[in-house]
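Observations on the three-dimensional arrangement
So the chains spell out like this:
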There are 2 protein chains.
Amino acid sequence: MARSPANLSYRDIKQVVLDRIQTGLWSPDSILPSEADLAVEFSSTRTTVNRALRELAEEGYLERKRKAGTRVLKSPIRKAQFSIPLVRDEITATGAAYRYSLVDRKVQAAPSWLAARLDLKRGQEVLYLRCMHYADNAPFQLEVRWIVPDVLSEVLEESFEHSGPNDWLVSRVPFTNLELSFLATKANGEIAEFLDAPLGDPVFTAERITWLQGAPVTYAKLYFAPGYRMTTHL
Amino acid sequence: MARSPANLSYRDIKQVVLDRIQTGLWSPDSILPSEADLAVEFSSTRTTVNRALRELAEEGYLERKRKAGTRVLKSPIRKAQFSIPLVRDEITATGAAYRYSLVDRKVQAAPSWLAARLDLKRGQEVLYLRCMHYADNAPFQLEVRWIVPDVLSEVLEESFEHSGPNDWLVSRVPFTNLELSFLATKANGEIAEFLDAPLGDPVFTAERITWLQGAPVTYAKLYFAPGYRMTTHL
DNA sequence: TAGTGGTCTAGACCACCCG
DNA sequence: GGGTGGTCTAGACCACTAT
């Protein structure tokens, strides 16, 4: 049999369903026809309809329950996705030249606040690093990072003179768990100097903690130069 | 035939594959066996293996290309997902009592910066709102919002005395497009007063623009009380 | 051009849970 | 209890692209 041109893919079905939601034909809180019915309407199979509806549910448009059926959500629980790119990529993506510089590097006992935060043993040795990332030679980000060498003893042999710990880590550590926060902090003397920002000015800051199978790997604080915004479209 | 306990679901397969990645058995940049081979190994079908790998790819662990095969990504492009909850939900979720208060409400010609940003006609009338959200009577968020009544003429009849525009909007407008930014701003006099923050202190700020099928619907700026952080786990 | 993933079909059994 | 979604199977054709 010739493939009729009306043969709908799961993408097509997604689009049709989305249109019906967005034009209000299927209004918030209403129940969609069952997969079986839709399969008939679209001359498709339940498997294909299922994939379309499942993805729309993942994207936050629908809620699905056995027996109860598929319901249009009132407020799409749309999820903002931030890709957490490597600084280098973030900079070169804008066409600017990326430059890295190591500021500080030492092995020290974990400060007590860090030990508490990461659940480290008292006196646990950690690698402390400060680095600067520049975009076209303008300050872009100050990175302050502690690395726990427990799982990663090789890290102590890295100088990080010429490339940042981020690059090194991501290609080596398949982290299993991540906590990421965004906040606004006040530029203290050092931060202000490194970022070339007025003292006391607001600085957009990211805090990142990474674990590998339950064991803390690294804690990083990223201070962005004035004017930075983290943006997403969806 | 009895279901053998070794019968693997796509979830099981995901977990096994993830383990092999995280233990380094399949290291970054390496190529996985083909779906067909894996189906044999797991005594499953290609369809099921496909779903497992497809989801791992969506989650940022793998990259898949026809003919090239499935490759383990060096740096998991893990996506941070922020759910953009309604303020009310965010507050009540902590167990605190939510209180809303309308500060300002007027219809005005769109300020020129807003007109430019949203691509409005010159002199286009918009609804301007300022509201406060409190958690246990402590300032939580100052919301400054403009709504374009083009698509939503009913909005002009809403007083927003007792509930915020956010609630009203989400249950009415199936927005098609959203731009969300996070930044750090400096508390000016008004913001400082409303949020009970020291003048000049950093304020974590979200900016949100929403469109409905290409037409701008609303622009909002959300100023959070000092100490706020936006956190995600993955 | 051959191998790999992308997708669809047709059918089946099952788990859940609303009425 | 029965309807709905969740998932698996077995097989097929197709689209892309590395080599």
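The following paragraphs examine the structure supplied in this document. (Residues numbered from 1 in each chain as written. Chains lettered and ligands numbered in written order. Predicted model: local features only at pLDDT ≥ 70, side-chain atom pairs only at ≥ 80, totals over all residues. Heavy atoms only, no water.)

Residues and elements named next belong to chain A. A rise of 1.5 Å per residue sets the reference length of helix H1 (residues 10-22), with its 13 residues, at 18 Å; its end C-alpha atoms lie 18 Å apart and thus fit the reference within 8%. Every buried residue of H1 is listed here: Tyr 10, Ile 13, Lys 14, Val 17, Leu 18, Arg 20, Ile 21 and Gln 22. Those residues of H1 that are buried are in contact with helix H2 (35-41), helix H3 (46-58), strand S1 (62-65) and strand S2 (69-72). Just past H1, the residue Gly 24 takes up positive phi, approximately 90°. (Helix = DSSP H or I, 4+ residues; strand = E, 2+ residues; numbered from the N terminus. Expected span 1.5 Å × (residues − 1). Buried < 20%, exposed > 50% of the residue type's maximum accessible area, 1.4 Å probe, protein only. Contact = heavy atoms within 4.5 Å.)

This part covers the packing of aromatic side chains. All names here are of chain A. For the structure on display, the rule yields 24 aromatic pairs over all chains. Ring plane angle 70° and centroid distance 5.4 Å describe the contact between Trp 113 and Tyr 219, whose orientation is recorded as edge-to-face. In this pair, Trp 113 sits in helix H5 (residues 112-118) while Tyr 219 sits in strand S9 (residues 215-224), placing the two residues 106 residues apart along the sequence. Of the residues examined, Trp 113 reaches a relative accessible area of 42% and is grouped as partly exposed. Judged by relative accessible area, Tyr 219 falls into the buried class, the value being 1%. Between the aromatic rings of Phe 204 and Tyr 228, the centroid separation amounts to 5.7 Å while the plane-to-plane angle is 40°, which identifies the pairing as tilted. In this pair, Phe 204 sits in strand S8 (residues 202-212) while Tyr 228 sits in the loop between S9 and strand S10 (230-233), placing the two residues 24 residues apart along the sequence. As far as burial versus exposure is concerned, Phe 204 and Tyr 228 are alike and both buried. (Phe/Tyr/Trp six-rings, centres within 6.5 Å; stacked < 30°, edge-to-face > 60°.)

This paragraph deals with the packing of H3 of chain A against helix H3 (residues 46-58) of chain B. The description of two helices packed together rests on the angle between their axes and the distance between the axes. Packing of H3 of chain A against H3 of chain B leaves a shortest axis separation of 15 Å and a crossing angle of 25°. The angle between H3 of chain A and H3 of chain B falls in the class roughly parallel. Remark: the crossing between H3 of chain A and H3 of chain B carries right-handed chirality. From H3 of chain A, Arg 51, Arg 54, Glu 55 and Glu 58 of chain A reach across to H3 of chain B, where they touch Arg 51, Arg 54, Glu 55 and Glu 58 of chain B. (Axes fitted to C-alpha atoms, helices over the stretch in contact; angles between N-to-C directions. Parallel < 35°, antiparallel > 145°, perpendicular 65-115°, else oblique. Left-handed = near helix turned anticlockwise from the far one by under 90°.)

Quick look at the environment of Asp 29 of chain A now. Residue and element names in this part refer to chain A. Topologically, Asp 29 is positioned in the loop between H1 and H2. Each C-alpha atom, one on Asp 29 and one on Val 72, is 5.1 Å from the other, the two residues being 43 residues apart in sequence. In contact with Asp 29, not counting residues within four places along its chain, are Arg 71, Val 72 and Lys 74. Within the structure, the side chain of Asp 29 is placed 2.6 Å from the side chain of Arg 71, a separation counted as a polar contact. (Polar contact = N/O pair within 3.5 Å; in protein donor to acceptor, adjacent residues only side chain to side chain.)

Attention shifts here to the protein's contact with DNA strand C. Around DNA strand C, the structure places 23 residues, and the nearest of them are Ser 9, Tyr 10 and Arg 11 of chain A together with Arg 46 and Arg 64 of chain B. Atoms of DNA strand C within 4 Å of the protein belong to the sugar or the phosphate in 65% of instances, the rest to bases. Between Arg 51 of chain A and DNA strand C, the recorded distance is 3.2 Å, taken from a side-chain N or O atom to a phosphate oxygen. In this structure, Arg 66 of chain A approaches DNA strand C through a side-chain N or O atom, which is 3.1 Å from a base nitrogen. Looking at the surface near DNA strand C, the elements that each hand over two or more residues are H1 and H3 of chain A together with H3, strand S1 (62-65) and strand S2 (69-72) of chain B. Element by element, the count of residues in the surface near DNA strand C is highest for H3 of chain A, at 4 residues. (Near = heavy atom within 4 Å.)

All names here are of chain A. Of note, Gly 200 is situated in the loop between helix H7 (189-195) and S8. Classification of Gly 200 by relative accessible area gives buried; the value is 14%. Taking the C-alpha atoms as reference points, Gly 200 and Val 151, separated by 49 residues in sequence, lie 38 Å from one another.

Right, let's get into unusual backbone geometry. The phi dihedral of Asn 137 of chain A falls on the positive side, at around 70°, and the residue is not glycine. Considering the arrangement of structural elements, one finds Asn 137 of chain A in the loop between strand S5 (125-135) and strand S6 (138-147). Notably, Asp 119 of chain B is not glycine yet its phi reads approximately 60°, a positive angle. Position of Asp 119 of chain B among the secondary structure elements: in the loop between helix H5 (112-118) and strand S5 (125-135). The exposure class of Asp 119 of chain B is exposed, given its relative accessible area of 68%.

This part takes up the pattern of salt bridges. Two side chains of opposite charge can pair, provided their charged atoms sit close to one another. Applying the stated criterion across every chain, the model contains 34 salt bridges over all chains. Of the charged contacts, one joins Arg 71 of chain A and Asp 29 of chain A as a salt bridge, the two residues approaching to 2.6 Å between their closest N and O atoms. Of the two residues, Arg 71 of chain A is situated in strand S2 and Asp 29 of chain A in the loop between H1 and H2; the sequence distance between them amounts to 42 residues. Close ionic contact of Glu 190 of chain B with Arg 130 of chain B constitutes a salt bridge, the shortest N to O distance being 2.7 Å. Note that Glu 190 of chain B is positioned in helix H7 (residues 189-195) and Arg 130 of chain B in strand S5, a separation of 60 residues in sequence. (Salt bridge = Lys/Arg side-chain N within 4 Å of Asp/Glu carboxyl O.)

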